[in-house]
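As a plain string of letters, each chain reads:
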Amino acid sequence: MKTKIVLILIFSSLVSLKSQQATNEVDSLKQQLLKLQQEFEQIQRQQLQQIQLLKERIDNLEKAQGVQVEKPKPPPDTDWKKEVTTPKTQPNEKWSPTAPIRLAGSGNNYLDLSLDALMTAGSSTANNVEELQIGGHDPKQRGFTLQQLELVLSGAVDPYFTGQANLVYNLDSSGESDIELEEVYADTMSLPYNLQVRAGQFYSEFGRLNTTHPHQWNFVDSPLVNSRILGEDGLRNPGTRISWLMPVPFYSELFLSIQNSGGTAGSFLGEGHHHGDSDETHSPFGRPRTKTALHTFGDLLFVPRYVVSFDLTKEQTIALGLSGAFGPNSTGSDGHTEIYGADIFWKWKPQSHHGGFPFVSFQSEFMLRRYTADQFDWDLNADGLLNSGEMDFNSDGIPDYFPKEKITDYGFYSELNWGFKKGWIASLRGEYLTGDKNYYEQITGRDEHRLTRKRLSSALTWYLSEFSKLRLQYNYDYRELLGPDHSVWLQFEFMLGQHAAHKF
């Protein structure tokens, strides 16, 4: 009897111990589940906040650019306590030409990859087409020109950054290949107070056209004022940019870029004949390039910009912008450059439009450059005699001397675009560019890179689809001292892969 009681007690103890262990394990699993649920809910909240911020930026940018952009749809259920399933790509899912291409990774890790080819055929009455077409991506020869082959890689880095890189391949008029890293940068996604920071190599936020790529232009070539004042390859350099989307009921954004002042910035410390170089050795404006490197914070390039946009009516939108660029130039310690710009964009699109058509848009930019060139004396050894390496542009037998002077250039372009039928756009552009006459030209003679120019262009563009287009363009050019020239260009473009919102 005693043995039976002892066995019963031992069995009861074992059952109690097992029950206690099971209870502890359940409590532990519940705690783990609760912790995972809290972490999952926190991630959901962060992602939805980012989605909301991106939706607000898209809405405001739509008003500023007059372009309809497809907005991301919010999650079907925003209740944190309900289960949310992540859609997965099926192996047999039908592929779309605009779908992102998965190069590596798992789950929904994607890298958007696109290829854009832009080529032109045509002719001109100009003796030297390269001197007529001064933009870096303009057609520069009779016959066929590969304006650019652009590879774009973009995607989300993580919940905090997006990234993009643009690699461009060019063929020059002699058939030489050139590959350049046009842009590579990262943008923040979740800064407070509607702030965003960009870092890397990128086009400066100056005016409307400088930040765009050739396949986004409404014409075959870039405006003359952009090429001469901002640079034949556009104003771009490594640096950082901060922008603030103001909390007002209309689109209002302030930008400030701080970048290196060399590279393609020919009006500053960069190289290039477009800012008045007489040649590669003696530049610019009769002076040698005595300053080519950054030494202090003040040697950086500062580019502020402000843009405001609002609806005039339900069918009309207007955007206004002011820009500036300030930095040193290569003529010496007292050389500096100031560039000012103003731009306007207006678009009419009826509420009954189909695929964005019909529409009428007007765009114009004005730029003014004040280039302060430092003094320079070509009498390098101060003996009053013309020695080897010293310049005598006016052939008077003595080395030339250039005092400090301010050189002013200014110009504008205006373009009108009429989308009269889906996929068809007729465009008209007028341009004027000139510069004042300065002391250095009394010694070197007229600077052919600063002569007054006028150009009138008409274009007809046919978007066969969102992946290809054909464009026919006629240019009437008038150059001071050289007279008129006529040019006709036929442009073809095709795209592969993911790309930004198109005209449709």
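The present account deals with the structure reproduced in this document. The structure displayed is predicted, hence computed values, not measured ones.

Some details on the overall build of the protein
For step 1, the next point in the chain: If you tally the helices and strands in the protein, you get four helices and 18 strands.
For step 2, the next point in the chain: The buried share of the protein, reckoned over its 504 residues, is 42%.
For step 3, the next point in the chain: On the protein, roughly 26,400 Å² of surface is accessible, and the fraction owed to carbon and sulfur atoms is 60%.

Structural notes on a negative patch on the surface
For step 1, the next point in the chain: Taken together, the side chains of E130, E131, D172, E176, D178 and E448 define an acidic patch exposed on the protein surface.
For step 2, the next point in the chain: Position of D178 among the secondary structure elements: in strand β4 (residues 177-188).
For step 3, the next point in the chain: Judged by relative accessible area, which is 40%, D178 ranks as partly exposed.

Here we look at the packing of aromatic side chains
For step 1, the next point in the chain: Counted under the stated rule, the structure contains ten aromatic pairs.
For step 2, the next point in the chain: Ring plane angle 65° and centroid distance 5.4 Å describe the contact between F297 and F302, whose orientation is recorded as edge-to-face.
For step 3, the next point in the chain: Taking relative accessible area as the criterion, F297 reaches 58% and is therefore assigned exposed.
For step 4, the next point in the chain: Assessed through its relative accessible area of 23%, F302 is described here as partly exposed.
For step 5, the next point in the chain: Seen from their ring centres, F326 and Y340 are 5.5 Å apart, and the 75° between their planes marks the pair as edge-to-face. Linking F326 in strand β9 (residues 316-328) with Y340 in strand β10 (residues 336-348), this pair joins segments that are 14 residues apart in sequence.
For step 6, the next point in the chain: For F326, a relative accessible area of 28% puts it in the partly exposed group.
For step 7, the next point in the chain: Residue Y340 is classed as partly exposed on the basis of its relative accessible area, which comes to 33%.
For step 8, the next point in the chain: Through successive ring pairs, a cluster of aromatic residues spans F285, Y371 and Y440.

Observations regarding the pattern of salt bridges
For step 1, the next point in the chain: Summed over all chains, the structure comprises 20 salt bridges.
For step 2, the next point in the chain: The closest approach of N and O atoms between R429 and E431, which form a salt bridge, is 3.0 Å. E431 carries the same exposure label as R429, and that label is buried.

A closer look at empty space enclosed by the protein
For step 1, the next point in the chain: One pass over the structure, following the stated rule, counts one cavity of 30 Å³ or more.
For step 2, the next point in the chain: Roughly 170 Å³ of volume is contained in the largest cavity.
For step 3, the next point in the chain: Considering the residues around the largest cavity, the lining is formed by 18 residues, among which W217, S222, E232, D233 and G234 are closest to the centre.
For step 4, the next point in the chain: A total of three residues in the lining of the largest cavity trace back to one element, the largest contributor, which is helix α3 (residues 224-230).
For step 5, the next point in the chain: Broken down by class, the residue content of the lining of the largest cavity amounts to five nonpolar, eleven polar and two charged.

A few points about the layout of surface pockets
Empty space among the atoms becomes apparent when a probe as large as a water molecule is rolled across them.
For step 1, the next point in the chain: The computed volume of the second largest pocket comes to approximately 520 Å³.
For step 2, the next point in the chain: Lining the second largest pocket we find 22 residues, and of these E130, G136, K140, D172 and D233 sit closest to its centre.
For step 3, the next point in the chain: Counting residues per element, the ones that place at least two in the lining of the second largest pocket are α2 (129-132), β2 (143-158), β3 (161-171) and β4.

A closer look at the nonpolar core
Soluble globular proteins tend to bury their nonpolar side chains together.
For step 1, the next point in the chain: If you look at the biggest cluster of nonpolar residues, it comprises 18 residues, and the most contacted ones within it are F206, L230, L235, F268, A325 and I339.
For step 2, the next point in the chain: In terms of residue count, the dominant contributor to this core is α3 (four residues).
For step 3, the next point in the chain: Beyond its immediate chain neighbours, meaning those up to four positions away, A325 contacts F206, L235, F268, L301, F302, V303, T337, E338 and I339.
For step 4, the next point in the chain: One finds F285, Y371, F402 and Y440 within the second-largest nonpolar core, a separate group that totals ten residues.

Some remarks on the pairing of strand β8 (residues 301-311)
For step 1, the next point in the chain: Of the pairings in the sheet, the one linking strand β7 (residues 251-259) to β8 comprises nine bridges and is antiparallel in character. If you follow E253 over to β8, its bridge partner there is V307.
For step 2, the next point in the chain: Note: β8 against β9, eight bridges, orientation antiparallel. Residue pairing for β9: F310 is matched across the bridge by I318.
For step 3, the next point in the chain: Two successive antiparallel strands, β8 and β9, enclose a turn made up of four residues.

Concerning the side chain of Q473
For step 1, the next point in the chain: Along the chain, Q473 falls in strand β17 (residues 468-479).
For step 2, the next point in the chain: Residue Q473 is classed as buried on the basis of its relative accessible area, which comes to 1%.
For step 3, the next point in the chain: For Q473, the side chain forms a polar contact with the main-chain nitrogen of V220, separated by 2.7 Å.
For step 4, the next point in the chain: At a separation of 3.1 Å, a polar atom in the side chain of Q473 contacts the side chain of D221.
For step 5, the next point in the chain: Every residue in contact with Q473, bar those within four places of it in the chain, is listed here: F219, V220, D221, R429, S457, S458, A459, S487, V488 and W489.

Details of the pairing of β3
For step 1, the next point in the chain: Of the strand pairs in this sheet, β2 and β3 are connected by nine bridges, and their pairing is antiparallel. In the sheet register, D158 faces β3, and the bridge partner there is F161.
For step 2, the next point in the chain: If you look at the hairpin formed by β2 and β3, you'll find two residues sitting between the two strands.
For step 3, the next point in the chain: Pairing of β3 with β4 involves eleven bridges; the strand directions are antiparallel.

A word on the side chain of E480
For step 1, the next point in the chain: For E480, the location among the structural elements is in the loop between β17 and β18 (483-497).
For step 2, the next point in the chain: One polar contact links E480 to R446, side chain to side chain, over a distance of 3.3 Å.
For step 3, the next point in the chain: Sequence-distant contacts of E480, that is, excluding residues within four places in its chain, are made with K437, R446, L451 and T452.

Some points on the environment of S222
For step 1, the next point in the chain: Tracing the backbone shows S222 in the loop between β5 (195-203) and α3.
For step 2, the next point in the chain: Counting along the chain gives 87 residues from S222 to G135, while the straight-line C-alpha distance between them is 5.9 Å.
For step 3, the next point in the chain: Once you skip the residues sitting within four places of it in the chain, S222 turns out to touch G135, D138, W217, S227, R429 and R455.

Definitions and cut-offs
- Residues numbered from 1 in each chain as written.
- Predicted model: local features only at pLDDT ≥ 70, side-chain atom pairs only at ≥ 80, totals over all residues.
- Heavy atoms only, no water.
- Helix = DSSP H or I, 4+ residues; strand = E, 2+ residues; numbered from the N terminus.
- Buried < 20%, exposed > 50% of the residue type's maximum accessible area, 1.4 Å probe, protein only.
- Areas by Shrake-Rupley, 256 points an atom, 1.4 Å probe, with all protein chains shown as cover.
- Patch = residues over 30% accessible without salt bridge, like charges linked within 9 Å, V, L, I, M, F, W, Y side chains within 5 Å.
- Salt bridge = Lys/Arg side-chain N within 4 Å of Asp/Glu carboxyl O.
- Lys, Arg positive; Asp, Glu negative; His and termini not counted.
- Charge placed at Lys NZ, Arg CZ, Asp CG, Glu CD.
- Phe/Tyr/Trp six-rings, centres within 6.5 Å; stacked < 30°, edge-to-face > 60°.
- 1 Å grid on protein atoms, 1.4 Å probe; cavity = no way out; pocket = protein on both sides within 12 Å on 5 of 7 lines; lining within 4 Å.
- Points joined across faces, edges and corners; volume = space filled by probe spheres on them.
- Nonpolar A, V, L, I, M, F, W, Y, C, P; charged D, E, K, R; others polar.
- Core = buried A, V, L, I, M, F, W, Y, C linked by side-chain atoms within 4.5 Å.
- Contact = heavy atoms within 4.5 Å.
- Pairing = 2+ DSSP bridges.
- Polar contact = N/O pair within 3.5 Å; in protein donor to acceptor, adjacent residues only side chain to side chain.

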